[in-house]
Amino acid sequence: VQLQAFGGGLVQAGGSLRLSCAASGGTFSTYAMGWFRQAPGKEREFVAQISGSGGITYYTDSVKGRFTISRDNAENTVYLQMNSLKPEDTAVYSCAARAGVPFTYARSYRSYQYWGQGTEVTVSS
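Reference entry: report on the structure contained in this document. Quick caveat: nothing in here was measured; it's all calculated off a predicted structure.

**Some remarks on unusual backbone geometry**
So, step 1. Phi is positive for N76, close to 55°, though the residue is something other than glycine.
So, step 2. In this structure, N76 sits in the loop between strand 7 (67-72) and strand 8 (77-82).
So, step 3. With a phi angle near 50°, S84 is a residue other than glycine that sits in the positive phi range.
So, step 4. Relative to the assigned elements, S84 resides in the loop between strand 8 and strand 9 (91-99).

Encoded structure:
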């Protein structure tokens, strides 16, 4: 599976961005998808995960109520809608795919087999 993330940019605090991650190769609906982020000088951090069908989602506490992960299996794309952005959301965001049935909650980056390149999000105060 090849993944390509895009949609990052510079936004003011309180603003919104939508990240997209397009997949090719493999059967997209069989992969759970995740978004991770890494801020300068920090460890890579789990942001959100969605099951293959899209019916199950998980979020890290700091983004709950502000971010929404979704997917369109017909378009082989997963999204991360980010609202009410804060300066601490500034990071490089990457998408990842995890094979495996049944779906299990996985917040460790080691649980994901495929990665896209990151897209940079900068939130100014």
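**Remarks on a nonpolar patch on the surface**
So, step 1. A cluster of nonpolar residues, I56, Y58 and Y105, forms a patch on the protein surface that exposes about 260 Å² of accessible area.
So, step 2. Mapped onto the fold, Y105 is located in the loop between strand 9 and strand 10 (114-115).
So, step 3. The partly exposed category is assigned to Y105, whose relative accessible area is 40%.

**Points about the sheet that holds strand 3 (residues 17-24)**
So, step 1. Across the sheet, 4 strands lie side by side as 1-3-8-7; this open sheet has antiparallel pairing. Bordering the open sheet on either side are strand 1 (2-6) and strand 7, each of which pairs with just one other strand. When strand polarity is set aside, the average angle formed by the axes of neighbouring strands in this sheet is 15°.
So, step 2. Relative to strand 8, strand 3 is paired through 6 bridges, and the arrangement is antiparallel. Bridged to L19 within strand 8 is L80.

**As for the environment of Q113**
So, step 1. If you trace the backbone, Q113 turns up in the loop between strand 9 and strand 10.
So, step 2. The sequence separation of Q113 and A23 amounts to 90 residues, and the corresponding C-alpha distance is 13 Å.
So, step 3. What Q113 contacts, discounting residues up to four positions off in sequence, is A97, R98 and A99.
So, step 4. Polar side-chain contacts of Q113 include one of 2.8 Å to the backbone nitrogen of A99.

**Topic: the side chain of T60**
So, step 1. Here T60 is to be found in the loop between strand 6 (57-59) and strand 7.
So, step 2. Not counting residues within four places of it along the chain, the set of residues in contact with T60 comprises E45, F46, V47 and R107.

**Here's the deal with the packing of aromatic side chains**
So, step 1. Here the structure, examined in full by the defined rule, presents 8 aromatic pairs.
So, step 2. Between F36 and Y112 the ring centres are 5.1 Å apart and the planes differ by 80°, which places this aromatic pair in the edge-to-face class. With F36 in strand 4 (residues 31-38) and Y112 in the loop between strand 9 and strand 10, this residue pair connects regions lying 76 residues apart in the sequence.
So, step 3. Look at Y112 and you get buried, because its relative accessible area is 4%.
So, step 4. Residues Y58 and Y105 carry aromatic rings whose centres are separated by 4.4 Å and whose planes lie at 40° to one another, so their mutual orientation is tilted. A residue pair is termed long-range when its members are at least 10 positions apart, and Y58 in strand 6 and Y105 in the loop between strand 9 and strand 10 qualify at 47 residues.
So, step 5. Among the residues examined, Y58 registers a relative accessible area of 31% and is labelled partly exposed.
So, step 6. Sitting over the ring of Y109, R44 keeps its end group 4.2 Å from the ring centre.
So, step 7. Across the ring face of F28, the terminal group of R71 is positioned such that the distance to the ring centre comes to 4.3 Å.

Parameters at a glance
- Residues numbered from 1 in each chain as written.
- Predicted model: local features only at pLDDT ≥ 70, side-chain atom pairs only at ≥ 80, totals over all residues.
- Heavy atoms only, no water.
- Helix = DSSP H or I, 4+ residues; strand = E, 2+ residues; numbered from the N terminus.
- Patch = residues over 30% accessible without salt bridge, like charges linked within 9 Å, V, L, I, M, F, W, Y side chains within 5 Å.
- Areas by Shrake-Rupley, 256 points an atom, 1.4 Å probe, with all protein chains shown as cover.
- Salt bridge = Lys/Arg side-chain N within 4 Å of Asp/Glu carboxyl O.
- Buried < 20%, exposed > 50% of the residue type's maximum accessible area, 1.4 Å probe, protein only.
- Pairing = 2+ DSSP bridges.
- Axes fitted to C-alpha atoms, helices over the stretch in contact; angles between N-to-C directions.
- Contact = heavy atoms within 4.5 Å.
- Polar contact = N/O pair within 3.5 Å; in protein donor to acceptor, adjacent residues only side chain to side chain.
- Phe/Tyr/Trp six-rings, centres within 6.5 Å; stacked < 30°, edge-to-face > 60°.
- Lys NZ or Arg CZ within 6 Å of the ring centre and 35° of its normal.

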